[in-house]
Amino acid sequence: MAGGPEIEQLIQLLSRLPGLGPRSARRAVLHLIKKKDQLMIPLSAALDRAVLAVRVCETCGNVDTQSPCAICADPRRAETGMLIVVEDVADLWALERAGVGAVRYHVLGGVLSPLDGVGPDDLSIDQLLARAPDYREIVLAVNATVEGQTTAHYITDRLGPNGPKITRLAHGVPVGGELDYLDEGTLSQALKARTQI
């Protein structure tokens, strides 16, 4: 142990964050210590404020400082009649950064994964079913993994044929992608989902 117990605890806590292992956490802590006044003190204050202010939206599952969140509270978003279902808050934020439009969201909190012990009761599927009648279209924006597709099929079955229109995100060639670098599954899916020019 090179530093005191407080420094070691900070390294251990930071190393639990996604993308930070012990070595990266150590570098981050050293940087924070070197920039104590410019970074560490404001970061500590921001964390204290966030602990008190951040809450999970009771409607959609987004993270905000109010509940319902700013997205759910925006009346213009209800006019589109579109609800985008995502696995995680990070997916919601990615869609918002992409500027998908004035839509509303529903965060499932994960995907069905029997091997990991995640069943329908562990996700916010019942809340989604309760919200569904208020929308004309539900977009299942889950990842193209086996678990994501299983979750999409389960939700589609539960919503039934008499509910709102159900769509999925297109899968295939990314913008700027080169065919030579894509895997076979992506190419196959892109060909199946082809569109007329």
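Structure shown above.
Everything numeric in this text was worked out from a predicted model, so none of it was measured.

About the criteria used
- Residues numbered from 1 in each chain as written.
- Predicted model: local features only at pLDDT ≥ 70, side-chain atom pairs only at ≥ 80, totals over all residues.
- Heavy atoms only, no water.
- Helix = DSSP H or I, 4+ residues; strand = E, 2+ residues; numbered from the N terminus.
- Rg over C-alpha atoms; globule rule 2.2 N^0.38 Å.
- Buried < 20%, exposed > 50% of the residue type's maximum accessible area, 1.4 Å probe, protein only.
- Contact = heavy atoms within 4.5 Å.
- Pairing = 2+ DSSP bridges.
- Axes fitted to C-alpha atoms, helices over the stretch in contact; angles between N-to-C directions.
- Core = buried A, V, L, I, M, F, W, Y, C linked by side-chain atoms within 4.5 Å.
- Polar contact = N/O pair within 3.5 Å; in protein donor to acceptor, adjacent residues only side chain to side chain.
- Patch = residues over 30% accessible without salt bridge, like charges linked within 9 Å, V, L, I, M, F, W, Y side chains within 5 Å.
- Areas by Shrake-Rupley, 256 points an atom, 1.4 Å probe, with all protein chains shown as cover.
- Salt bridge = Lys/Arg side-chain N within 4 Å of Asp/Glu carboxyl O.

> Account for the overall build of the protein, with residues named and values stated.
Looking only at helices and strands, the protein features eight helices and six strands. Beginning at the N terminus, the succession of helices and strands in the protein can be written as α-α-α-β-β-α-β-α-β-α-β-α-β-α. Relative to the compact-globule value of 16 Å for 197 residues, the protein shows a C-alpha radius of gyration of 21 Å, a clear excess of over 25%. Overall, the protein is about 60 × 45 × 35 Å in size when its C-alpha atoms are taken along their principal axes. Across the 197 residues that make up the protein, the buried fraction comes to 29%. Partitioning the contacts of the protein with sequence separation of at least 6, the portion at a separation of at least 24 is 45%.

> Report on unusual backbone geometry, specifying residues and quantitative values.
Here the bond from Ser67 into Pro68 is cis, since omega is 5 degrees, no more than 30 degrees from zero. Summarising the element assignment, Pro68 is placed in the loop between strand S2 (63–64) and helix H4 (70–73).

> Which residues make up the sheet that holds strand S3 (residues 82–86), and what are the values?
Pairing is parallel in the open sheet, where four strands are placed in the order S4-S3-S5-S6. The open sheet is flanked by strand S4 (104–107) and strand S6 (165–168), the only strands paired with a single partner. The mean inter-strand angle of the sheet, taken between neighbouring strand axes irrespective of direction, is 25 degrees. Where S3 lies against S4, four bridges are found, and the strand directions are parallel. From the neighbouring strand, Val85 faces S4, where its bridge partner is His106. Sheet strands touched by helix H5 (residues 89–97): S3, S4 and strand S5 (137–141). Its angle to S4, the strand with the most contacts, is close to 160 degrees. Helix H7 (residues 146–159) rests against S5 and S6 of the sheet, and its axis sits at about 175 degrees to S6.

> Provide a residue-level description of the nonpolar core, including the pertinent values.
In terms of nonpolar packing, the biggest core is built from 16 residues, with Leu108, Ile125, Ile138 and Ile155 touching the most fellow members. Sorting the residues of this core by element identifies S3, helix H6 (125–131), S5 and H7 as the ones contributing at least two each. Of all hydrophobic cores here, the second largest spans 15 residues; its members include Cys72, Ile84, Leu92 and Ala141.

> Let's hear about the side chain of Ser113: which residues, and what values?
Within the secondary structure, Ser113 is located in the loop between S4 and H6. For Ser113, a relative accessible area of 7% puts it in the buried group. One polar contact links Ser113 to Asp116, side chain to side chain, over a distance of 2.9 Å. Leave out the neighbours within four places in its chain, and Ser113 touches Val118 and Glu147.

> I'd like a rundown of a nonpolar patch on the surface, residues and numbers included.
Among the surface-exposed residues, Val54, Val56, Val63 and Trp93 lie close enough to one another that they form a single nonpolar patch of about 350 Å² accessible area. The partly exposed category is assigned to Val54, whose relative accessible area is 42%.

> Which residues make up the pattern of salt bridges, and what values do they have?
Two side chains bearing opposite charge may form a pair once their charged atoms approach each other closely. This model, assessed by the stated rule, comprises four salt bridges. Close ionic contact of Asp74 with Arg77 constitutes a salt bridge, the shortest N to O distance being 3.8 Å. The buried category is assigned to Asp74, whose relative accessible area is 15%. A relative accessible area of 11% means that Arg77 is categorised as buried. Several salt bridges share partner residues, and in doing so they unite Asp74, Arg76, Arg77 and Glu96 into one network.

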